[in-house]
Protein chains: 2
Amino acid sequence: MPPNVSPGSKDEVERRKGGEISLGGLDDHIGYVLRRAQLAVFQDFIGSLAEFDIRPAQYSVLTVIEATPGLKQSQVSSALGIQRTNFVTLFDELERRGLARRMPVDNDRRSYALYLTETGAALMEKLRAAVHAHEARLDERLGRDGRGRLMDLLKRLADLGGLDGEGRFGTP
Amino acid sequence: MPPNVSPGSKDEVERRKGGEISLGGLDDHIGYVLRRAQLAVFQDFIGSLAEFDIRPAQYSVLTVIEATPGLKQSQVSSALGIQRTNFVTLFDELERRGLARRMPVDNDRRSYALYLTETGAALMEKLRAAVHAHEARLDERLGRDGRGRLMDLLKRLADLGGLDGEGRFGTP
DNA sequence: CAATATTTTTATCTACAATAACAGTTATGT
DNA sequence: ACATAACTGTTATTGTAGATAAAAATATTG
């Protein structure tokens, strides 16, 4: 056994100055590596869209209402795993910036139909190029077939506990 | 072209009541799928350790100082990609619960050497079983060779912009 | 000694998630 | 018709994470 592990001793501590500190097997945990990868990818994404001041959550909302104009708030937030209560301020900001708007619905005065504005649609055009470059950068890292194999594996994990209809997690 | 896309019309909206709302290609984005997978895995992890009231960040700190007792705060936080400043309250909580402790260092009165308490070491024993079950659950999802292939792909992504020595991102 | 580093701490700030409670509206059942 | 329930969006509040700025104490270096 090691002779000296009292506080302040050198063993196991001082000799690791090079930054090569053991993670104690943490990097064998899927969750840990997954988180580090997700942070790195998001950071690259945020950087790619920084000049437009659009962040991931905003981009996801714009993408969905561009693909399907006229959806209700509850439909969009549910599709994205966001709670409708948190969706409100998120969409408020998009509306404030003139990128999207709420429109009344004929038959149902409770709900709003969501649309991109022309400004929002024009912005999405520009975002597409930046996002494509971002995805290409990732593909370069992943190598041949990397994307397909990664997507398959991630999607298996994505529905574990799963979100409920309102973007919350486990409902016991 | 579709005849009717005015606000409140039925096309593209009402007929999607079954929940099958298009994400507009969002699920072809690595970052989006990565985030959903990470949330699901973390949720499973949190559930696995709920009875011990230990969350991922806490577990990661306990794991590192168990593997290498006597590290300084700055070493642990740097290894985990946490900023020193955020590490303080994180460790405060572990110390408050009697799971870990700060010990003075002989030569340097600025820094602390971090250790598990006996309580903390005993807890880690119990956590190990729960974490192992969690990882096994993930392996079941991932199938044969899934873990290895996923880890390889994720690690390629994990050092994109990369964290700097202090757990911050991009350093312009 | 003076100037500069390092290490930890405190205090804010933002983004994002979760919960509870509410108002207005619509749907249902009697 | 009416009471009741369910749905939709909103507000307010809380908690968690991450980032930044600045301080205080100590160490190192010229």
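Residues numbered from 1 in each chain as written. Chains lettered and ligands numbered in written order. Predicted model: local features only at pLDDT ≥ 70, side-chain atom pairs only at ≥ 80, totals over all residues. Heavy atoms only, no water.

Colleague: Can you walk me through the relation of the copies chain A and chain B in this structure?
Modeller: Relating one copy of the chain to the other requires a rotation about an axis plus a shift along that axis. Superposing chain A onto chain B requires a rotation of 180 degrees together with a translation of 0.0 Å along the rotation axis, leaving an RMSD of 0.1 Å. The two molecules are tied by a two-fold rotation axis, judged by turn and shift. Within chain A, Leu150 of chain A has its C-alpha nearest the rotation axis, a separation of 3.2 Å. When the interface residues of chain A are mapped onto chain B, 100% of them are again interface residues, pointing to one common binding face. (Least-squares fit on C-alpha atoms with pLDDT ≥ 70 in both. Contact = heavy atoms within 4.5 Å.)

Colleague: Honestly, helix H6 (residues 146-158) of chain B in this entry has me stumped. Any pointers?
Modeller: Residues spaced three or four apart along an α-helix point in a common direction, a consequence of the helix completing one turn every 3.6 residues. For H6 of chain B, which comprises 13 residues, the first-to-last C-alpha distance of 18 Å matches the rise-based estimate of 18 Å (1.5 Å per residue) to within 8%. Buried within H6 of chain B are the following residues: Gly146, Leu150, Met151, Leu153, Leu154 and Leu157 of chain B. Along its buried surface, H6 of chain B packs onto helix H1 (30-48), helix H5 (118-142) and helix H6 (146-158) of chain A together with helix H1 (30-48) and helix H5 (118-142) of chain B. (Helix = DSSP H or I, 4+ residues; strand = E, 2+ residues; numbered from the N terminus. Expected span 1.5 Å × (residues − 1). Buried < 20%, exposed > 50% of the residue type's maximum accessible area, 1.4 Å probe, protein only.)

Colleague: Is there a simple way to think about the pattern of salt bridges in this case?
Modeller: Opposite charge on two side chains makes pairing possible when the charged atoms of those side chains draw close. Counted under the stated rule, the structure contains 22 salt bridges over all chains. Notably, a salt bridge pairs Glu66 of chain A with Arg128 of chain A, separated by 3.0 Å at the nearest N-O pair. Of the two residues, Glu66 of chain A is situated in helix H2 (residues 56-67) and Arg128 of chain A in helix H5; the sequence distance between them amounts to 62 residues. Across the salt bridge formed by Asp53 of chain B and Arg97 of chain B, the nearest N and O atoms sit 3.9 Å from each other. Separated by 44 residues along the polypeptide, Asp53 of chain B in the loop between H1 and helix H2 (56-67) and Arg97 of chain B in the loop between helix H4 (84-96) and strand E1 (100-104) bring together distant segments of the chain. Shared partners join several salt bridges into a network, and the residues in it are Glu66, Glu125 and Arg128 of chain A. (Salt bridge = Lys/Arg side-chain N within 4 Å of Asp/Glu carboxyl O.)

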